[in-house]
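# Structural features, examined
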Amino acid sequence: MSQNVNPTADPTKMGLGRSIAVLTSGGDAQGMNAAVRATVRVGLYTGAKVYFVHEGYQGLVDGGDNIRPATWESVSMMLQLGGTVIGSARCKDFREREGRMKAALNLVKLGITNLCVIGGDGSLTGANQFRTEWSGLLVDLVKAGRITDAEAKKSSHLNIVGMVGSIDNDFCGTDMTIGTDSALHRIIEVVDAITTTAQSHQRTFILEVMGRHCGYLALVTALACGADWVFIPEMPPDEGWENHLCRRLTDQRARGSRLNVIIVAEGAMSREGKPITSEQIKKLVTDRLGFDTRTTTLGHVQRGGTPSAFDRILGSRMGVEAVMALLEATPDTPACVVSLSGNQAVRLPLMECVQVTKDVTAAMAEGRFDDAIKLRGKSFENNWNTYKLLAHINPPDVKSNINVAVMNIGAPCAGMNAAVRAAVRMGLIQGHNMLAVHDGFDGLAHGQVEPITWTAVSGWTGKGGSMLGTKRTLPAKILEEISQNIAKFNIHALVIIGGFEAYVGGLELVQAREKYEEMCIPMVVIPATVSNNVPGSDFSIGADTALNTITATCDRIKQSAAGTKRRVFIVETMGGYCGYLATMAGLAAGADAAYIFEDKFNIKDLEVNVEHLVAKMKTTVKRGLILRNENSNSNYTTDFIFNLYSEEGKGIFDCRKNVLGHMQQGGTPTPFDRNFGTKMGAKSVLWLTEKLKECYRHGRIFANTPDSACVLGMRKRALTFQPLAELKGDTDFEHRIPKTEWWLKIRPIMKILAKYNIKLDTSEHTDMEHVIKKRSPLGK
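I will try to describe carefully the structure that is included in this document. All figures in this text were calculated on a predicted structure; none of them were measured in a lab.

## Notes on the pattern of salt bridges
Applying the stated criterion to the full structure yields 35 salt bridges. Salt-bridge contacts for Lys 691 lead to Asp 707; the nearest nitrogen and oxygen are separated by 3.8 Å. Taken together, the positions of Lys 691 in helix 22 (residues 671-695) and Asp 707 in the loop between strand 24 (700-701) and strand 25 (709-715) put the pair 16 residues apart, joining distant regions of the chain. According to the relative accessible area criterion, Lys 691 is buried, its value standing at 8%. Counted as one network, the salt bridges with shared partners bring together Asp 121, Asp 168, Asp 170 and Arg 212.

## Quick word on the sheet that holds strand 9 (residues 260-265)
Picture the strands of a sheet paired through backbone hydrogen bonds; they go either parallel or antiparallel. If you trace the four strands from one edge of the open sheet to the other, you get 8-9-7-10, paired in parallel fashion. Because the sheet does not close on itself, it has two edges, and the strands there are strand 8 (229-231) and strand 10 (293-297). Neighbour to neighbour, the strand axes of the sheet diverge by 15 degrees on average, direction disregarded. In this sheet, strand 10 lies alongside strand 7 (residues 204-209) in parallel orientation, the contact comprising five bridges. Bridge pairing in strand 10 links Phe 205 to Arg 294.

## Let's talk about the nonpolar core
In this structure, Phe 231, Ile 262, Ile 263 and Tyr 580 are the most contacted members of the largest nonpolar core, which totals 174 residues. For this core, the leading source of residues is helix 10 (residues 309-328), giving 12 residues. Each residue touching Ile 263, except ones within four places of it in the same chain, is listed here: Leu 207, Val 209, Ala 218, Thr 221, Ala 222, Cys 225, Ala 227, Trp 229, Val 230 and Phe 231. Residues Val 53, Phe 171, Ala 335 and Val 337 belong to the second largest nonpolar core, which totals 39 residues.

## Digging into the sheet that holds strand 12 (residues 344-349)
Spatially, seven strands are ordered 4-3-2-5-6-11-12 in an open sheet, and the strand pairing comes out mixed. With partners counted over all chains shown, the strands left at the sheet margins are strand 4 (67-69) and strand 12, one partner each. Across this sheet, the average inter-strand angle for adjacent strands is 25 degrees, counted without regard to direction. Relative to strand 12, strand 11 (residues 336-341) runs antiparallel, the two being bridged by six bridges. Bridge assignment links Leu 340 to a residue of strand 12, and that residue is Ala 345.

## Describing the pairing of strand 14 (residues 433-437)
Of all five residues in strand 14, four are buried, a share of seventy percent or more. Examined bridge by bridge, strand 13 (residues 403-409) and strand 14 share four bridges and lie parallel to one another. Within strand 14, the position partnered with Asn 403 by the bridge is Asn 433. In terms of handedness, the path from strand 13 via helix 14 (residues 416-429) over to strand 14 forms a crossover that is right-handed. Across three bridges, strand 14 lies against strand 15 (residues 449-451) in antiparallel orientation. Its bridge partner lying in strand 15, Leu 435 is registered against Pro 451.

## A few points about empty space enclosed by the protein
Inspection of every chain in the model, using the stated rule, returns two cavities of 30 Å³ or more. Its volume calculated, the largest cavity comes out at about 110 Å³. Residue assignment for the lining of the largest cavity shows that the elements contributing at least two residues are helix 7 (216-225), helix 8 (241-254), helix 13 (378-391) and helix 14. A per-element tally of the lining of the largest cavity places helix 13 first, with three residues. Tallied by class, the residues present in the lining of the largest cavity amount to seven nonpolar, three polar and four charged. Lining the second largest cavity, in full, are Arg 131, His 157, Asn 159, Ile 160, Val 161, Ala 325, Leu 326, Ala 329, Thr 333, Pro 334, Ala 335 and Cys 336. Counting residues per element, the lining of the second largest cavity draws most heavily on strand 6 (residues 159-164), which supplies three residues. Among the residues making up the lining of the second largest cavity, the classes are represented as eight nonpolar, three polar and one charged.

The rules behind the values
Residues numbered from 1 in each chain as written. Predicted model: local features only at pLDDT ≥ 70, side-chain atom pairs only at ≥ 80, totals over all residues. Heavy atoms only, no water. Salt bridge = Lys/Arg side-chain N within 4 Å of Asp/Glu carboxyl O. Helix = DSSP H or I, 4+ residues; strand = E, 2+ residues; numbered from the N terminus. Buried < 20%, exposed > 50% of the residue type's maximum accessible area, 1.4 Å probe, protein only. Pairing = 2+ DSSP bridges. Axes fitted to C-alpha atoms, helices over the stretch in contact; angles between N-to-C directions. Core = buried A, V, L, I, M, F, W, Y, C linked by side-chain atoms within 4.5 Å. Contact = heavy atoms within 4.5 Å. Right-handed = clockwise from strand over helix to strand, strands pointing away. 1 Å grid on protein atoms, 1.4 Å probe; cavity = no way out; pocket = protein on both sides within 12 Å on 5 of 7 lines; lining within 4 Å. Points joined across faces, edges and corners; volume = space filled by probe spheres on them. Nonpolar A, V, L, I, M, F, W, Y, C, P; charged D, E, K, R; others polar.

Spatial relationships are all this shows, so hold off on functional conclusions.
Pasting the structure below:
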């Protein structure tokens, strides 16, 4: 982040006298509508005129009715729709100069000099070519007498910003493209359905997923469902893979597994560049092993359906950043693409990203597969490394004599079991003995500890809740019993998976090291709670699943409100004192307000919200949605707000209230939570293994340094280990939240998209970053 050159600029006047057009091009992707909605609303908020371009580049070429002014209300009720409402089309005309000349003419006549393109790398490359040729096209149009010199001068420069909408996640420079997360949701729903039938019949299922020449969907699906094998184009299997695969499937059956799952990316190929198809694999498994084998090709179902909460938030954030990038651009600024790195929206030079994306294809064609994996980016590389460690390595015959215990603390949440499974399997691969502690610190105090095996955790990635059992009890009052059982079961290291109680419990064990030598063992806390309130991590396992549950419920509520008209719903979400769920669900569901503890509000604010809704009922959008975090204010309760709104809205709108309760903690984990849990579980045990080597002295383990007890968290762009003791300073223990919360900066976006007249702080904006530097170590 860097300071803006003009921090005094009023964001509501940045776009005065300017026009922005938004189009979607190429294949559709869920979440495109969220990006269109945000672009339109933020564009209007800045004072700019905004136009829809219907049917992609074809609409730009054909002009006329295809390019229409967009209004605030015209993007209402778009958030929850899949595909793209403004249409997309493959366009041959735009590939020819004559077609681009027509497009330029249409834009000049309407005074549009800012173009926002949402599409894949082909669409964005086309946009860049259009921009590069712009001045030449204008010269030709003037010569042909189709525009005047004055018109050409007024439109002398075209600004372009891209957003990547593609379920394939094949664009380099961004961790996630719009639509990828929703596609994973569709795939995982199918995998879950298939695994139940496969287990009943002891079958092998081969599942082919989309992705063109990119293996991202296949790779993450394999991680999220614990597949036995995955075929991706970036890393073809070694020679003789047929024998390896058959041996692996046989081993799994011998261990008691009733099913095998093999994931195939549609672009999968052998080292010689020949396609590897699901039918070919089916024939191999049937002929060699005689297993009952079925194939399923998912096809376009992956593109369809409602966008996930993640894709809606991603599209909304990218839309805001895209408008800012357009309005801040100068004639010298290269065309940029807005992308996501960790939890940060960043701007990258468009053609650099396109170049690196092409480099991946070149690396694969030349057989430089390690380079291809690296060029795909850090996120892809981490996924591949985790998959390799968990799927292709068998536990060693030689044991390490180390006992690692795994436990769940606090309230259950979706994804906990994925973390336990990954930790257990990674531990066994390292040669350790893995111990399961049931019912949290209570169970450790009462000796509820038993060995846990490889097969005991099979199928756990897709299970919600906590298979180990979990309690909120903190260790402080039972330290004596805990230390005795750590000694009795000879526990050398501890993996604590849970929410704020896991963090506080870890701290209590560290403080007890002075009195109890048994506590001097390496420990790691993995944040897992729907509240997302553990210090040291931007995300917790389970929060994404809860967020999707809330968003889906809000969609139904909005549908009901839209049907009855003039109705306002007040919905209470979980989260303790942490407003993460209410804020993010507000953004994903298009709420009018979200009341949270961190953002103090008073009766005047409530009045402003009521007035806002009264004004809204006079428009075509006659419904309202208000979210309230359960502990946002002890006096302004959900009932109080409901009564206030009911009274003030008499004759204008009526109110209903919903308390979502424990449904937010349940359900099957989302692909994000499965993948996140798997990576966190695996990484935690690898770290403990290193720590155990450091702490081994005179034939025993002794760990009492602050860095031997850490929280493993996601920080901006990386998974990092931070000592529990160091995080105390950033913790509000009374309200069980971190003192600094990154997502608070996103709150103004929700208010702007709900048409509140607030100032968006533009003093912090993203500088253009570079992706090319990532290529240097690859010798290219």
